[in-house]
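Observations on the three-dimensional arrangement
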Amino acid sequence: MFSSIAPLVVQDGVRKRPADPAEAPTTRRALAAASCEYGSLKFYALCGVGGVLSCGLTHTGVVPLDLVKCRMQVDPQKYKSIFNGFSVTLKEDGLCKFGFYEVFKILYGNMLGEENAYLWRTSLYLAASASAEFFADIALAPMEAAKVRIQTQPGYANTLRQALPKMFAEEGIWAFYKGVAPLWMRQIPYTMMKFACFERTVEALYKYVVPKPRSECTKGEQLVVTFVAGYIAGVFCAIVSHPADSVVSVLNKERGSSASQVLVRLGFKGVWKGLFARIIMIGTLTALQWFIYDSVKVYFRLPRPPPPEMPESLKKKLGLTE
């Protein structure tokens, strides 16, 4: 999100140019407080660790709800509701998604320059998250295909080790990637909403709700804001990605069907089946993911840029400063 034309320093976790030499001591103290430089290989690696923990722990916790949601989508006559689903039955790509998002956000921000990165920050978040998810889904597709087979076809397999070779023997490599296109349809809008909505919600909460600047908030107060913003983002994520999620669930259960055929057969009402369960699952999931991810950043003392502010150069251009 910052221009690379002139030398940059880190202050309060943000790369920027010092306004004058008097700022140098503050800059050095801020640099010393962080465990690594913003945008360094160590920063990306530790962000990846945070992504693994946030997605791994949360998806483990929601496996039962995800199981019911998938079965409601592929067998709505038997699993009529979330509550009925539980009585009848009594994911993920964190490393790629969060790590790549940080990479692409900084990369695209540097390409745009400091002023344009601020003016077009929502587009920046959308582009960075879409790029990250595109590559993450290539890694996720085989796991997603196996997960749906195990969940929706009783007796097919009990473990990933059993499912993967069986799927390969039946359909070859195509068994693992036939759902990648609808997975992109589901996950890319989901992730774009997840990151862009989160970033802008955090900005809005600190601007309109939290009665003091983030720099004056405790780490605990900041993490509460993170959780609330994550839940709000999760609700929107669930809504925009649910139709494609329904198609993926049915497609991975059936052999020989295409995404368009499944979509036509499900119809408008069918693709929204299980939405309530998904909203609960994704809202809670996303809030916890952001909470854990931000907690990891706090634990490792990673640079955590505050909500973006208009650069002084842009303020002068717009006549907002004297």
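Residues numbered from 1 in each chain as written. Predicted model: local features only at pLDDT ≥ 70, side-chain atom pairs only at ≥ 80, totals over all residues. Heavy atoms only, no water.

Per an unreviewed UniProt entry, the recorded name for the protein is Solute carrier family 25 member 3, and the organism is Malurus cyaneus samueli. Quoted verbatim from the Catalytic activity (unreviewed entry) field of UniProt, the annotation for the protein is "phosphate(in) + H(+)(in) = phosphate(out) + H(+)(out)". In its Subcellular location (unreviewed entry) section, the UniProt record describing the protein reads: "Mitochondrion inner membrane". (UniProt positions renumbered as here; feature names shortened; annotations may be inferred.)

Helix and strand content of the protein: 14 helices and two strands. By residue count, 49% of the 322 residues in the protein fall in the buried class. Carbon and sulfur atoms form 67% of the exposed surface of the protein, whose accessible area is close to 15,600 Å². (Helix = DSSP H or I, 4+ residues; strand = E, 2+ residues; numbered from the N terminus. Buried < 20%, exposed > 50% of the residue type's maximum accessible area, 1.4 Å probe, protein only. Areas by Shrake-Rupley, 256 points an atom, 1.4 Å probe, with all protein chains shown as cover.)

Under the definition given, this model contains 19 aromatic pairs. Aromatic side chains F104 and Y108 sit 5.5 Å apart centroid to centroid with 35° between the ring planes, which places their arrangement in the tilted category. Of the two residues, F104 and Y108 are both situated in helix 5 (residues 94–112); the distance of four residues between them amounts to about one turn of the helix. Overall, the relative accessible area of 22% leaves Y108 in the partly exposed class. Arranged with centres 5.2 Å apart and planes meeting at 80°, the rings of Y299 and F300 form a pair that is edge-to-face. Classification of Y299 as exposed rests on a relative accessible area of 65%. Overall, the relative accessible area of 28% leaves F300 in the partly exposed class. An aromatic cluster of at least three residues, connected via ring pairs, comprises F98, Y101, F195, F198, W290 and Y293. Lying across the ring of Y118, R121 places its NZ or CZ 4.3 Å from the centre. (Phe/Tyr/Trp six-rings, centres within 6.5 Å; stacked < 30°, edge-to-face > 60°. Lys NZ or Arg CZ within 6 Å of the ring centre and 35° of its normal.)

This part covers the pattern of salt bridges. What the rule picks out here adds up to 14 salt bridges. The closest approach of N and O atoms between E171 and K178, which form a salt bridge, is 3.5 Å. Look at E171 and you get partly exposed, because its relative accessible area is 22%. Note that K212 is salt-bridged to E221, the shortest N-O span being 3.2 Å. A relative accessible area of 33% places E221 in the partly exposed class. Three or more residues joined by partner-sharing salt bridges are found here, namely R149, E170, E171 and K178. (Salt bridge = Lys/Arg side-chain N within 4 Å of Asp/Glu carboxyl O.)

Further remarks concern the packing of helix 7 (residues 121–152) against helix 10 (residues 180–209). Relative placement of two packed helices is described by the angle separating their axes and the distance separating the axes. Packing of helix 7 against helix 10 leaves a shortest axis separation of 7 Å and a crossing angle of 140°. With respect to their mutual orientation, helix 7 and helix 10 come out oblique. In the packing of helix 7 onto helix 10, the handedness of the crossing is right-handed. Residues belonging to the contact of helix 7 with helix 10 are distributed by class as follows: 14 nonpolar, four polar and eight charged. (Axes fitted to C-alpha atoms, helices over the stretch in contact; angles between N-to-C directions. Parallel < 35°, antiparallel > 145°, perpendicular 65-115°, else oblique. Left-handed = near helix turned anticlockwise from the far one by under 90°. Nonpolar A, V, L, I, M, F, W, Y, C, P; charged D, E, K, R; others polar.)

What follows is about unusual backbone geometry. Its identity as a non-glycine residue notwithstanding, R301 has a phi of 55°, on the positive side. As for its placement among the helices and strands, R301 is situated in the loop between helix 13 (275–299) and helix 14 (312–317). Relative accessible area serves as the criterion here: at 47%, R301 is assigned to the partly exposed category.

Here the focus is the state of the cysteines. Taken as a whole and judged by the stated rule, the model has zero disulfides. No disulfide involves C36; its nearest neighbouring cysteine sulfur is the one of C47, lying 7.6 Å away. A relative accessible area of 1% places C47 in the buried class. (Disulfide = S-S within 2.5 Å.)

This part takes up helix 12 (residues 259–271). In this model, helix 12 (13 residues) spans only 12 Å end to end at C-alpha, well below the 18 Å of a helix rising 1.5 Å per residue. Of all the bends in helix 12, the largest measures some 55° and sits at R265. Looking only at helix 12, the buried set comprises V262, G270 and V271. (Expected span 1.5 Å × (residues − 1). Bend = angle between axes of the 7 residues up to and from the residue.)

So, about the nonpolar core. Formed by 29 residues in total, the largest nonpolar core has its most connected members in F43, F98, Y101, F198, Y206, W290 and L302. Looking at this core, the elements with two or more residues in it are helix 2 (41–61), helix 5, helix 7, helix 10, helix 11 (219–253) and helix 13. Take this core: its biggest share by element is seven residues, from helix 10. Core analysis: the next-biggest nonpolar cluster, separate from the first, contains eight residues, A145, Y156, A157 and A163 among them. (Core = buried A, V, L, I, M, F, W, Y, C linked by side-chain atoms within 4.5 Å.)

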